[in-house]
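Tertiary structure, described
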Amino acid sequence: MRVGVKLLLVAVAVTAAGAVIGFYVSNLTTLAGSRSYSVPVQNANGHPVVKLEIQTVAAVGPTLSPNPDWVSYLVKDQSTGHWKRETVWDLPAHATVHVTIYNFDGASGLRNPYLARPQGMVGNRIRVDGKPTEAIDPNDASHTFAVPALGLVLAIPGVADEAKNQCEYADAPIGGCAMSTAHRTIKFTFHTTTPGHYRWQCFVPCAAGWVYGFGGPMQTIGYMDGFLNVKA
Amino acid sequence: MASEPSAATSPSDSTNHGLRVVVVWLVLSAIATPLVAIYVGPLIPPGNATVQGQGQTFDNQVMTAFVTPILCLLAVFFAYGLIQFHVRRNEAILDGPPIRNDSQIQLLWIVITTVMVLFLAGFGTYELLQDGSGGGQGPNPIALPAHHQDAFQVQVIAQQWQFTYRYPSLGGLESNQLYLPANTTVALHVTSLDAIHSFWAYELGVKADANPGVDNVAYVETKGPTTFHVRCAELCGLWHPYMFNNGRVVDSAQFQAWASQQQRVYASIKPFMNKPESEGGAPYAKTYFPEPDRRAG
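What counts and what doesn't
- Residues numbered from 1 in each chain as written.
- Chains lettered and ligands numbered in written order.
- Predicted model: local features only at pLDDT ≥ 70, side-chain atom pairs only at ≥ 80, totals over all residues.
- Heavy atoms only, no water.
- Helix = DSSP H or I, 4+ residues; strand = E, 2+ residues; numbered from the N terminus.
- Buried < 20%, exposed > 50% of the residue type's maximum accessible area, 1.4 Å probe, protein only.
- Pairing = 2+ DSSP bridges.
- Axes fitted to C-alpha atoms, helices over the stretch in contact; angles between N-to-C directions.
- Contact = heavy atoms within 4.5 Å.
- Expected span 1.5 Å × (residues − 1).
- Domains from an automatic or database assignment.
- Buried area = accessible area lost by both parts, 1.4 Å probe.
- Salt bridge = Lys/Arg side-chain N within 4 Å of Asp/Glu carboxyl O.
- Nonpolar A, V, L, I, M, F, W, Y, C, P; charged D, E, K, R; others polar.
- Polar contact = N/O pair within 3.5 Å; in protein donor to acceptor, adjacent residues only side chain to side chain.
- Phe/Tyr/Trp six-rings, centres within 6.5 Å; stacked < 30°, edge-to-face > 60°.
- Lys NZ or Arg CZ within 6 Å of the ring centre and 35° of its normal.
- pLDDT = per-residue confidence, 0-100.
- Disulfide = S-S within 2.5 Å.
- Patch = residues over 30% accessible without salt bridge, like charges linked within 9 Å, V, L, I, M, F, W, Y side chains within 5 Å.
- Areas by Shrake-Rupley, 256 points an atom, 1.4 Å probe, with all protein chains shown as cover.

Re unusual backbone geometry
Of note, the amide linkage connecting Pro45(B) to Pro46(B) takes the cis form, showing an omega dihedral of 20°. Of note, the phi angle at Asp129(A) is positive, near 50°, even though the residue is not glycine. Within the fold, Asp129(A) resides in the loop between β8 (126–128) and β9 (131–133). One non-glycine residue, His147(B), lies in positive phi territory at about 65°. For His147(B), a relative accessible area of 54% puts it in the exposed group.

In C-alpha cells, the structure reads:
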C-alpha cells in the first residue's frame, strides 16, 4: 500500500475517532441518557409559572428502563398524566417553579447532615406530607434533590421500613409508582434565574448493588442526575 | 563544466566554534537568568496568598533561574549550528569528524548533571520539610509549620460531586462554603466519602488527595484576606468538572460573623449533629468508609 494511502487512512481514522469522542462528550454534557422534557408553562400576570411533579422510585421497572432494578427519578408528563424516565427538564428563565416530589423509596441516611437543612427554595423550607419543615432527621433521608449552581438543596425523607403496601418497582399503568402505594410527599417552590444548563443530582449513595452505592444510576443521566435547561 | 562542490566547513578551518558558543551562551545567560527569575518566576501560580504559596513561588523563581542557562545553552547551540553549519548551495553534505572516547567531555557531562540533580533533590527536600509546602502528608505529618500545635482544624470531605467542610472548633459546623481566618495556621484534614478525589486550592498552594478511609493532613498558613478557588484534581466520575467552588480568607471579625451566620442557618440540624452515630446521630469522624450495605432499598 502506498504511503499516501496509508496516511489518508490514518487521517480519516483519527478524524472519525475525534468526531465520535466529540459527539459523546457533547451528548454526555447536555442530554446523555435522557431526552429533555419541556415542562408546560403557565402565566400569572405575565410571570412564568411552572408545575413540576417528580417521583423517586427504588426500582424503575422493565417498562421504563433496560435496567429495571435501578433507582431513578421520574417526571410526570402533564399532558398525559404518565410518568417518564426523563431527567433533563426545560424550564423558563426567571420563573416560579412549584415542585412536588413523591418518594416511594426507603431511608438510607445522609453522610453530610447539613444537607438535611433545606436551602435555596422560597422561605428555605419545604412541606413534608403537608407539614412545614426546616430540617429533617439526616437518618431519615432517602435521597436529595440538589441544584448546586442555584444553591438549591433538600433531603427527601424515606418511606418507613415497616410501611405497608410499598411500591416494588415503577411499573404501574401510568408508568410510575401508583399513588395508592406508600410514599412521602414533599413540596417546595423555587425560582429559576438566567438561562443556562444547571445540573442537578442526588447526593445520597443510593445505587443499591453497586460498589459503595455510587455506580450505575448515580453516574448516569436519566436516573439520579439531570439538568435544568433554563431557557429565555 | 560545473565546479566541484565544496564542504560547508573546511578541515583547515581554525575557528574555535566551541569558544564562540560558550561566550555567547554566558552573555545570554547572564542577561536572561535574572530577568526570568525576577519577572517570569513570580508569574507562575500559586502566588503569595499564603506562606506555603509564597514558598512555592520562591521555588518557581529558583527553578526558572536554574533552567534558564540550560535553555540558553540549547538555544545558542542550535542557532549557532544552523547559522554556521547549514549546507549552502553547491556545497557537498559532509559529516563532521566523529567524537569518540572523549573522557573529558564524558566526565564533565556526568559531573554537571549529577550536581544539578543532587542540588535539585536537596533543594526540593529542604523546601518540602520547611512546612509541608501545602501538600497532603497523610495522617501523621512530619513537615510541620511553626505553631502547628495550635492550628485551626478544618475537615475537607470530598464526595461525588462536591466538597463539604466541617469545623470541629465551631461545634461541628458543616457547610459547603470554605472560609478561613486570616493570619492563621490551618490544618486541613482531607478525606473522601466515596471515590478518590483531590482537594486543590491552588491560590493557597494546597493540594491533597482525598481518599476514603484516609485522614490526609495538609497545613497552610494564611496571610491577608483573599479569595481562592477549590477544584477536584482527580478525575472522579460523571460530574468531576462541576466539582469546584470558591473560598475566602477573611479577617477575624468577618470569620466570626460568617460562623455565627452559618450556625444560625444550620441550627435546626444541630440536635442531630450532637448525638453519636450509635444513638442515631450524624456520623462525624476523621475518616469515612462507604457503607454499601447500609442501604435497604
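There is more to say after this.
Here's the deal with the sheet that holds strand β5 (residues 173–175) of chain B
Residues and elements named next belong to chain B. Pairing in this open sheet of 5 strands is mixed, and the strands run β5-β4-β3-β7-β10 from one edge to the other. Both outer strands of the open sheet, β5 and β10 (216–221), are each paired with one neighbouring strand and no more. Within the sheet, the average angular offset between the axes of one strand and its neighbour, ignoring direction, is 25°. Pairing of strand β4 (residues 162–167) with β5, which is carried by 3 bridges, proceeds in the antiparallel orientation. Bridging across to β5, Arg166 finds its partner in Glu174. Packed onto the sheet, helix α4 (residues 252–265) meets β3 (152–159), β4 and β5 and runs at close to 90° relative to β5.

Digging into the sheet that holds strand β12 (residues 244–250) of chain B
All names here are of chain B. Here 5 strands make up an open sheet; going across it, the order is β6-β12-β11-β8-β9 and the pairing mixed. Two strands close off the open sheet at either side, each with one partner strand: β6 (178–181) and β9 (206–210). In this sheet, neighbouring strand axes are inclined to one another by 20° on average, regardless of whether the strands run parallel or antiparallel. Strand direction decides the pairing type here: strand β11 (residues 226–232) and β12, joined by 6 bridges, are antiparallel. Paired with Phe228 across the strands is Gly247, a residue of β12.

Here we look at helix α3 (residues 103–131) of chain B
Residues and elements named next belong to chain B. Under the 1.5 Å per step criterion, the end-to-end length of α3 is 43 Å for 29 residues, consistent within 8% with the ideal 42 Å. Those residues of α3 that sit buried are Phe123, Glu127 and Asp131. Elements that come into contact with the buried residues of α3 comprise α2 (51–85) and β10. In the segment just after α3, Gly132 is the residue with positive phi, at about 90°.

Re the domain arrangement of chain B
All names here are of chain B. Structurally, chain B comprises domain 1 (16–90 + 103–134) and domain 2 (148–279). Contacts between the two partners involve 13 residues from domain 1, matched on the other side by 13 residues from domain 2. When the area that domain 1 buries against domain 2 is broken down by residue, the three leading residues are Ala49, Thr50 and Gly134, summing to 48%. Across the contact surface, domain 1 and domain 2 share 0 salt bridges. A total of 5 residues in the side of domain 1 that touches domain 2 trace back to one element, the largest contributor, which is α2. By residue class, the composition of the side of domain 1 that touches domain 2 is 4 nonpolar, 8 polar and 1 charged.

A short note on the interface of chain B and chain A
Across the contact, 34 residues belong to chain B and 42 residues belong to chain A. Between chain B and chain A the total buried area reaches about 3,200 Å² when both faces are included, carbon and sulfur atoms providing 55% of it. Scanning the region where chain B abuts chain A turns up 0 salt bridges. On the surface where chain B and chain A come into contact, there are 12 residue pairs in polar contact (both at pLDDT 80 or more). Those elements that provide at least two residues to the side of chain B that touches chain A are β4, β5 and α5 (270–273) of chain B. Among the elements that line the side of chain B that touches chain A, the one with the most residues is β4(B), at 4 residues.

Overview of the packing of aromatic side chains
As enumerated under the stated definition, the model contains 26 aromatic pairs over all chains in all. For the pair Tyr179(B) and Trp258(B), a centre-to-centre distance of 4.6 Å together with 0° between the ring planes defines the contact as stacked. A residue pair is termed long-range when its members are at least 10 positions apart, and Tyr179(B) in strand β6 and Trp258(B) in helix α4 qualify at 79 residues. Both residues of the pair, Tyr179(B) and Trp258(B), count as buried. Positioned above the aromatic ring of Tyr223(A) is the side chain of Arg85(A), whose terminal nitrogen or guanidinium carbon lies 4.3 Å from the ring centre. Directly above the aromatic system of Trp200(B) lies the positively charged group of Lys207(B), at a separation of 4.9 Å from the ring centroid.

Some thoughts on the confidence of the model for chain B
When pLDDT drops low, the exact placement of atoms in the prediction is not to be read closely. All names here are of chain B. With 87% of its residues at a pLDDT of 70 or more, chain B has an overall mean of 86. Under a pLDDT of 50 for its full length, residues 1–8 has, in the predicted model, 14 contacts with residues more than four places off or in other chains. Confidence metrics for the complex model read pTM 0.82 and ipTM 0.80.

Quick notes on the pattern of salt bridges
Side chains that carry opposite charge are capable of pairing whenever their charged atoms lie near each other. What the rule picks out here adds up to 9 salt bridges over all chains. Put simply, Glu86(A) and Lys84(A) hold a salt bridge, and the shortest N to O gap is 3.4 Å. The class of Glu86(A) is buried, set by a relative accessible area of 6%. Arg166(B) is the salt-bridge partner of Glu174(B), the closest N and O atoms lying 2.6 Å from each other. Linked by salt bridges that have partners in common, Arg35(A), Asp77(A), Lys84(A) and Glu86(A) make up one network.

A word on the state of the cysteines
In protein structure, a disulfide is the covalent linkage between the sulfur atoms of two cysteines. Residue and element names in this part refer to chain A. Counted by the stated rule, this structure contains 1 disulfide over all chains. Disulfide partner of Cys167: Cys177, at an S-S distance of 1.9 Å. What sets the handedness of the Cys167 and Cys177 disulfide is the S-S torsion sign, and at about -80° it is left-handed. Of this pair, Cys167 sits in the loop between β11 (152–157) and β12 (184–191) while Cys177 sits in the loop between β11 and β12, and the two are 10 residues apart along the sequence. Both residues of the pair, Cys167 and Cys177, belong to the buried class. The thiol of Cys206 is not disulfide-bonded; the next cysteine sulfur, from Cys202, is found 3.9 Å away. Using a relative accessible area of 1% as the deciding quantity, one classes Cys206 as buried.

A short note on a nonpolar patch on the surface
On the surface, Leu19(B), Val23(B), Val27(B), Ile31(B), Leu35(B), Ile38(B), Tyr39(B), Val40(B) and Ile44(B) cluster together into a nonpolar patch covering about 830 Å² of accessible area. Tracing the chain through its elements places Ile31(B) in helix α1 (residues 17–40).

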